[in-house]
Amino acid sequence: MYGLLRTYEGRRVAANAGTGKDLVNEPMIRHWCEAMGDTNPAYQGADAIAPPTMLQAWTMGGLSGHSDRSGAYDELSALLDGAGFTSVVATDCEQEYLRPLRPGDRITYDSVIESVSPRKRTKLGTGHFVTTRMDIRADGELAGTHRFRILKYAPAASPGKAGPRRPRPVINRDNAGFWDGVAGHKLLIQRCGGCGTLRFPWLPGCGACGSAEWDTVEAGGDGTVYSYVVMHHPPFPAFDPPFAVGLIELAEGVRMVSNVVGVPYDKVRIGMPVRLEFLRVDEDLELPVFRALEVLEVLEVSAEQAEQGDPRDPGDPRDPSDPEASAESAQPAEGVG
């Protein structure tokens with residue numbers, strides 16, 4: 001089996017070299033920087049360059065996709081499916097930057113299946129890691145390399161488990177401190193030791209000044225929904241769609257992706273105030289999530305009124321001692337009596 005899998009190494013994902021649908025351009029750079037909260041002056045003005053992490057963005061096919069796939073990757077996936085490795089999870093990506101991209105650059109790229117690993121045993125199950133490599137060129141000059149790795153696996157049996165478990169976070173030397181904080185019910189934000197800039201997610205160096213020195217500050221827990229999506233598909237055993245995933249802007253100014261809880265998915269709104277809490281997912285995993293603050297306030301008002309014996313509906317702001325309110329409530333309903 002493995003010998004057959006290896007025959008796909010080196011085969012093109014696309015039949016021909018691909019071409020980016022757009023030249024490198026200032027509007028896309030601006031939109032990216034606004035979404036990421038990146039104010040680096042190198043990405044602005046007449047001599048602006050594109051953020052290096054946009055490398056793959058210039059190759060994406062958009063909603064219409066790319067029509068020149070070779071079929072090799074689909075054949076490999078079907079072969080693994082037929083061998084029982086029907087589940088898939090993206091594990092990591094690596095990028096190497098060789099030259100800056102500037103507005104006006106024409107992007108071309110080649111994508112190949114670089115490697116298929118021997119059979120590996122993981123906590124998710126047994127399977128094969130598949131790595132694709134994309135070489136990205138600007139006006140014919142190699143500008144960078146993007147490697148993307150997935151695991152095609154057969155889910156491990158979970159005897160005695162109540163149900164499927166959420167995927168485990170990938171913890172490494174760059175983000176271990178964040179997860180240590182979560183274990184202690186603290187949401188820690190990195191602060192640059194050189195310029196004091198706060199950053200999230202955790203990174204080994206500062207994007208503003210390049211310093212590798214840093215410490216942490218604890219987030220207060222208040223935030224707002226900056227943006228959100230509602231996940232309907234594809235289904236995943238550990239989740240119950242539809243559910244809301246929010247991009248939360250913390251009071252400290254950084255943003256993070258998390259679940260919005262305590263409110264129906266179709267009631268989540270941009271600008272909605274939220275508050276941090278920690279959700280125990282299973283015996284091994286606890287995650288930071290954000291509860292809709294408006295719902296919390298209504299519940300707190302309701303509890304307080306119940307304790308005081310106040311008969312008012314928490315959604316009715318009128319004071320029953322107000323003569324106008326009393327008179328209004330005493331009027332017979334239209335069509336009655």
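Throughout this description, residue numbers start from 1 for each chain and increase along the sequence as written. Confidence filtering applies because this is a predicted model: local features only for residues at pLDDT of at least 70, side-chain atom pairs given and counted only at 80 or more, and all residues used for totals across whole chains, interfaces and linings. Heavy atoms from the whole structure form the basis of all side-chain values; hydrogens and water molecules are not counted.

A.B. asks: Please provide a residue-by-residue account of helix 3 (residues 72-82), values included.
C.D. replies: For helix 3, the full list of buried residues reads Ala72, Tyr73, Leu76, Ser77 and Leu80. Projected onto a plane normal to the axis of helix 3, the buried residues spread over an arc of 135° and lie on a single side. Those residues of helix 3 that are buried are in contact with helix 1 (2-6), strand 3 (107-116), strand 5 (125-138) and strand 6 (141-155). In the segment just after helix 3, Gly84 is the residue with positive phi, at about 100°. Residue burial is assigned from relative accessible area. The probe radius is 1.4 Å, only protein chains are included, and a residue is buried under 20% of its type maximum, exposed over 50%, and partly exposed in between. Elements are defined by DSSP. Helices are runs of H or I of four residues or more, strands are runs of E of two residues or more, and each kind is numbered from the N terminus. Directions pointing from the helix axis toward each C-beta atom define the arc. In this analysis, two residues are considered to be in contact whenever any of their non-hydrogen atoms come within 4.5 Å of each other.

A.B. asks: Provide a residue-level description of the layout of surface pockets, including the pertinent values.
C.D. replies: In this analysis, the protein atoms alone were mapped onto a 1 Å grid. Cavities are point sets where a 1.4 Å probe fits without being able to get out; pockets are open sets with protein on both sides within 12 Å along at least five of seven lines; lining residues have an atom within 4 Å of a point. Grid points are joined across faces, edges and corners, and a volume is the space filled by probe spheres set on the points. Taken as a whole, the second largest pocket spans an internal volume of roughly 500 Å³. Under the scheme applied, nonpolar residues are Ala, Val, Leu, Ile, Met, Phe, Trp, Tyr, Cys and Pro; charged residues are Asp, Glu, Lys and Arg; polar residues are all the others, including Gly. For the lining of the second largest pocket, the per-class residue count stands at eight nonpolar, nine polar and three charged.

A.B. asks: Before we move on, can you summarise the pairing of strand 12 (residues 255-261) with the specific residues and values?
C.D. replies: If a strand is regular, its side chains alternate between the two faces of the sheet. Counted residue by residue, strand 12 has five buried out of seven residues, so it is predominantly covered. When strand 11 (residues 243-250) meets strand 12, the two strands line up antiparallel, connected through five bridges. Bridged to Glu249 within strand 12 is Arg255. Paired strands, in this sense, are two strands between which DSSP finds at least two bridges. Counting the residues in the hairpin turn of strand 11 and strand 12 gives four residues, including Gly253, whose phi is positive at 105°. Pairing between strand 12 and strand 14 (residues 285-292): two bridges, direction parallel. Looking across to strand 14, one finds that Val261 is bridged to Arg291.

A.B. asks: Hey, could you go over the side chain of Thr145 for me, with residue numbers and the actual values?
C.D. replies: Topologically, Thr145 is positioned in strand 6. Look at Thr145 and you get buried, because its relative accessible area is 7%. Side-chain atoms alone can form a polar contact between residues adjacent in sequence; in general such a contact is a pair of N or O atoms within 3.5 Å, and within protein one must be able to donate a hydrogen while the other accepts it. There is a polar contact of 3.4 Å between the side chain of Thr145 and the side chain of Asp135. If sequence neighbours within four positions are ignored, Thr145 has contacts with Leu55, Glu94, Gln95, Glu96, Arg133, Met134 and Asp135.

A.B. asks: Can you break down unusual backbone geometry residue by residue, with the values?
C.D. replies: Keep in mind that most residues, glycine aside, have a negative phi and that most peptide bonds are trans. For the peptide bond that leads from His233 to Pro234, omega is 5°, which places it in the cis range. With respect to the helices and strands, Pro234 occurs in the loop between strand 10 (222-231) and strand 11. Phi is positive for Asp139, which is not a glycine, with a value near 50°. As for its position among the elements, Asp139 is in the loop between strand 5 and strand 6. Accessibility expressed as a relative area gives 52% for Asp139, which makes it exposed. The backbone of His185 shows a phi angle near 55°, a positive value even though the residue is not glycine.

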